[in-house]
2 protein chains.
Amino acid sequence: MDTEALAGRITAGDRRALARAITLVESRRPDHRADAAALLDRLAGTGREALRLGLSGAPGVGKSTFIEAFGMMLTERGLRVAVLAVDPSSSRSGGSILGDKTRMERLARAPGAFIRPSPSQTHLGGVAQRTREAVALCEAAGFDLVLIETVGVGQSETVVAELSDVFVLLLAPGGGDELQGVKRGIMEAADVILINKADGAMREAAMRTRSDYAGALRLLRRRPQDPDDFPKALCVSAAEESGLTEAWAEITALAEWRREHGHWQARRAAQARHWFEEAVREGLLARLTADPDTRARLETLGAQVEAGRASPAAAAARALALLEPAPPGAEDG
Amino acid sequence: MDTEALAGRITAGDRRALARAITLVESRRPDHRADAAALLDRLAGTGREALRLGLSGAPGVGKSTFIEAFGMMLTERGLRVAVLAVDPSSSRSGGSILGDKTRMERLARAPGAFIRPSPSQTHLGGVAQRTREAVALCEAAGFDLVLIETVGVGQSETVVAELSDVFVLLLAPGGGDELQGVKRGIMEAADVILINKADGAMREAAMRTRSDYAGALRLLRRRPQDPDDFPKALCVSAAEESGLTEAWAEITALAEWRREHGHWQARRAAQARHWFEEAVREGLLARLTADPDTRARLETLGAQVEAGRASPAAAAARALALLEPAPPGAEDG
């Protein structure tokens, strides 16, 4: 594949080239992976940078409506907005957040917007790596904002937080009950908590929920990457399109503060380093498990460890021995 | 080394053998690592199981006083209590939580208690692995409770949570202000939050703090491994030795519930599997970086990734090429 030509079309803002490139990075075929790596390497130097905005919200909080209203407001301001999804469940029918673009009809038609359905992969690690690469492609294509959303299946919020400059948690009023409760680890990752549906009969409940979360956030230690008054909890209404400009103002203010104080670049560098080391570790493990016999033996060792019949350290030593260029049987020691 | 003899003395309850074995697992010398792996493997089959209780609390919350009072109460009930510390900072003078046993004089002298200062290692991964192995040794030695404490430097709380059956967070009254605020990720890991110093003039403040955290915990989604009313926040006073029996009752009730519902074994199996895979990945990476030239090249690649001059995927591909039995220069492609 002529990755140079494709890179040129992407940087020129060609949507179809971008879509094709994302399909490329989502592919697991070895030759596709090689092309993807070459393409990403070529695009790494563009220096284009978008605000990577992570957004998590459980089904029912009005995420699609929010993204559409929020995205429309931004595109109407002349900003170019890309929307990607991290959803390990999307291979299951109905699981996909964005598979049905008709849920965001207006935004899908907006000239400044690009909506990409979630890749239908179940392996979260794969989804994470591919999404990170799709984000890089969107940045090279010149988008101002890359919104990465997740429905929060499994560890997907953690992945999205790892991909974002700013992480937003969208909640519905009544977040205190178990059904709406925040999954552990998410409140810790949130930079901004938005209580949606703060309209009509729900307004009061939304304001109570907001103050509940504001109180909980005050119990958390201030992070170095936050100005004094962050994380924040705000009320919004996607339906009434109220609170959206305020939310955007807070998000950009936080992003600006982090830029000025060096946290932005530090975070991006740490994230890139993290993904690099992750990829190396996974690659080494994939090599270890390429051979079916080795894989089977490794699985046996893992099972022994789980059952408490072998210590992790001893089992790991044996697993590593499987890789050694040692005489046959050496790994059985 | 005769690991079989050492294993025998440990299972017989020989303290000096246990101390020596812990020193062995803390050593980084390759031959010591091999002996440690053999010893742990030998002891993996004893089937002895202690309650692994993780305890985190920042300096100033009265952790040592609490552990002493709590440990004395338990040893007076005939329980055998081992106390281990995870403190990556302990190599720095004064950083050690337990380096000075005089801070727990009574407990250190109690016949049923075993106190082990934190290993003076700065590499947290190493500390985690060694601590996990020390816990296994204490279990094989027949302790009923292994209390793993941390001052919460870096990611040490996460490590301790990964090592524990039940994780307790110790706080001082007034947890709302920044100095006392809970580090992110800890509230989510906590099974029981204890507000210490609920005595004298602080009693009122402790009760307010308790209800603040109880409120915050209600905002978190119920975890499968929790009965309805957990996580809990309670008041205790190590100084007045009040609330300790109640805290112990809650901890054992939770542990019992998890045993009955299969979460206990599932968590231990997952933890063991996690450490096994972690050890394999680290071992592979260590092998990759054993050669100084390779290490230098890998470092260069990592720096390029951090600087955004190379994509993580492409850099990882090059890093993996360094391991290939390929013609010289192949990895420069």
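Cut-offs used in this document
- Residues numbered from 1 in each chain as written.
- Chains lettered and ligands numbered in written order.
- Predicted model: local features only at pLDDT ≥ 70, side-chain atom pairs only at ≥ 80, totals over all residues.
- Heavy atoms only, no water.
- Least-squares fit on C-alpha atoms with pLDDT ≥ 70 in both.
- Contact = heavy atoms within 4.5 Å.
- Core = buried A, V, L, I, M, F, W, Y, C linked by side-chain atoms within 4.5 Å.
- Buried < 20%, exposed > 50% of the residue type's maximum accessible area, 1.4 Å probe, protein only.
- Pairing = 2+ DSSP bridges.
- Helix = DSSP H or I, 4+ residues; strand = E, 2+ residues; numbered from the N terminus.
- Axes fitted to C-alpha atoms, helices over the stretch in contact; angles between N-to-C directions.
- Buried area = accessible area lost by both parts, 1.4 Å probe.
- Salt bridge = Lys/Arg side-chain N within 4 Å of Asp/Glu carboxyl O.
- Polar contact = N/O pair within 3.5 Å; in protein donor to acceptor, adjacent residues only side chain to side chain.
- pLDDT = per-residue confidence, 0-100.
- Expected span 1.5 Å × (residues − 1).
- Parallel < 35°, antiparallel > 145°, perpendicular 65-115°, else oblique.
- Nonpolar A, V, L, I, M, F, W, Y, C, P; charged D, E, K, R; others polar.

Before going further, it helps to examine the relation of the copies chain A and chain B. For these two chains of identical sequence, chain A goes onto chain B by a turn of 180 degrees and a shift of 0.0 Å along the axis, with RMSD 0.1 Å. Given the turn and translation reported, the copies of this chain are related as if by a two-fold rotation axis. When C-alpha distances to the rotation axis are compared across chain A, the minimum falls at Ala216(A), with a value of 2.5 Å. A high fraction, 98%, of the interface residues of chain A reappear at the interface in chain B, so the copies pair face to face through one surface.

A few words now on the nonpolar core. Judged by nonpolar contacts, the single largest core of 106 residues is most densely connected at Ile10(A), Leu137(A), Ile193(A), Ile10(B), Leu137(B) and Ile193(B). Among residues more than four places away in sequence, those in contact with Ile193(A) are Leu169(A), Leu171(A), Met187(A), Tyr213(A), Leu217(A), Lys232(A), Ala233(A) and Leu234(A).

Residue and element names in this part refer to chain A. Taken in spatial order, the seven strands of this open sheet run S3-S2-S4-S1-S5-S6-S7, and their pairing is parallel. Strand pairing shows two members of the sheet lacking a second neighbour, strand S3 (113–115) and strand S7 (232–235), which therefore form its edges. Across this sheet, the average inter-strand angle for adjacent strands is 20 degrees, counted without regard to direction. Bridge count between strand S1 (residues 51–56) and strand S4 (residues 145–150): six bridges; the pairing is parallel. What sits directly across from Leu55, in S4, is Glu149. Sheet strands touched by helix H2 (residues 15–26): strand S2 (81–86) and S3. Its angle to S3, the strand with the most contacts, is close to 25 degrees. Running at roughly 175 degrees to S4, helix H4 (residues 63–76) makes contact with S1, S2, S3, S4, strand S5 (166–171) and strand S6 (192–195) of the sheet.

All names here are of chain A. Along the chain, Phe230 connects to Pro231 via a cis peptide bond; the corresponding omega equals -5 degrees. Positive phi, close to 55 degrees, is recorded for Glu241, a residue that is not glycine. With respect to the helices and strands, Glu241 occurs in the loop between S7 and helix H10 (244–260).

With that settled, consider the sheet that holds strand S7 (residues 232–235) of chain B. All names here are of chain B. Spatially, S3-S2-S4-S1-S5-S6-S7 is the arrangement adopted by the seven strands of the open sheet, whose pairing is parallel. With partners counted over all chains shown, the strands left at the sheet margins are strand S3 (113–115) and S7, one partner each. Geometrically, the sheet is characterised by an average inter-axis angle of 20 degrees between neighbouring strands, direction not taken into account. In this sheet, strand S4 (residues 145–150) lies alongside strand S2 (residues 81–86) in parallel orientation, the contact comprising six bridges. Counterpart to Val81 in the pairing with S4 is Leu145.

The next subject is the environment of Leu163(A). All names here are of chain A. Following the sequence through the fold, Leu163 ends up in helix H7 (residues 156–163). Taking the relative accessible area as the measure of exposure, Leu163 reaches 3% and is therefore buried. Linking Leu163 and Arg222, residues 59 residues apart in sequence, is a C-alpha distance of 21 Å. Ignoring any residue separated from it by four or fewer positions in sequence, one finds Leu163 in contact with Arg52, Val86, Ala128, Thr131, Arg132, Ile148, Gln271 and Trp275.

With that settled, the discussion passes to the side chain of Arg52(B). All names here are of chain B. Position of Arg52 relative to the elements: it lies in strand S1 (residues 51–56). For Arg52, a relative accessible area of 10% puts it in the buried group. Residue contacts for Arg52: discarding those within four places in its chain leaves Arg132, Val135, Glu139, Val146, Ile148, Leu163, Ser164, Asp165, Val166, Arg268 and Gln271.

Counting from both sides, the interface comprises 66 residues of chain A and, opposite them, 65 residues of chain B. Summing the contributions of chain A and of chain B, the shared interface buries around 5,700 Å²; its carbon and sulfur component is 60%. Looking at the side of chain A facing chain B, the largest losses of area belong to Arg184(A), Leu219(A) and Arg221(A), adding up to 16% of the total buried there. Notably, a salt bridge pairs Asp41(A) with Arg318(B), separated by 2.8 Å at the nearest N-O pair. Inspection of the chain A/chain B interface yields ten residue pairs in polar contact (both at pLDDT 80 or more). Ranked by residue count, the leading element in the side of chain A that touches chain B is helix H11 (residues 263–288) of chain A, at 14 residues.

One side chain can pair with another of opposite charge once the charged atoms of both are near each other. One pass over the full model with this rule turns up 49 salt bridges over all chains. Here Arg29(A) ties to Asp31(A) by a salt bridge, and the two come within 2.5 Å at their closest N and O atoms. Since its relative accessible area comes to 36%, Asp31(A) is described here as partly exposed. Across the pair Arg223(B) and Asp226(B) runs a salt bridge whose closest N-O atoms are separated by 2.6 Å. Three or more residues are tied together by salt bridges with common partners; here these are Glu49(A), Arg52(A), Glu139(A), Asp165(A), Arg259(A) and Arg268(A).

Moving on, we come to the confidence of the model for chain A. Residue and element names in this part refer to chain A. Within chain A, residue pLDDT values average 85, and 87% of them lie at 70 or more. When mean pLDDT is taken per element in chain A, H10 scores highest with 97 and helix H8 (residues 186–189) scores lowest with 81. Every residue in residues 91–98 is under pLDDT 50, and counting partners more than four places away or in other chains gives 25 contacts. Below a pLDDT of 50 lies the segment residues 325–333, which in the model reaches six contacts outside its immediate sequence neighbourhood of four places, other chains included. With a pTM of 0.80, the predicted complex shows an ipTM of 0.77.

We now examine helix H10 (residues 244–260) of chain B. Residue and element names in this part refer to chain B. End to end, H10 covers 24 Å across 17 residues, agreeing with the expected 24 Å (1.5 Å per residue, within 8%). When we look at burial in H10, the residues that qualify are Leu244, Ala247, Trp248, Glu250, Ile251, Leu254, Ala255, Trp257 and Arg258. The positive-phi residue at the C-terminal boundary of H10 is Gly262, with phi of around 80 degrees.

Residues and elements named next belong to chain A. With their axes 10 Å apart at the nearest point, H4 and H10 run at an angle of 75 degrees to one another. Comparing the axis directions of H4 and H10 gives the class roughly perpendicular. Across the interface between the two elements, Phe66, Ala69, Phe70, Met73 and Leu74 of H4 pack against Leu244, Thr245, Trp248 and Ile251 of H10. A per-class count over the contact of H4 with H10 returns eight nonpolar, one polar and no charged.

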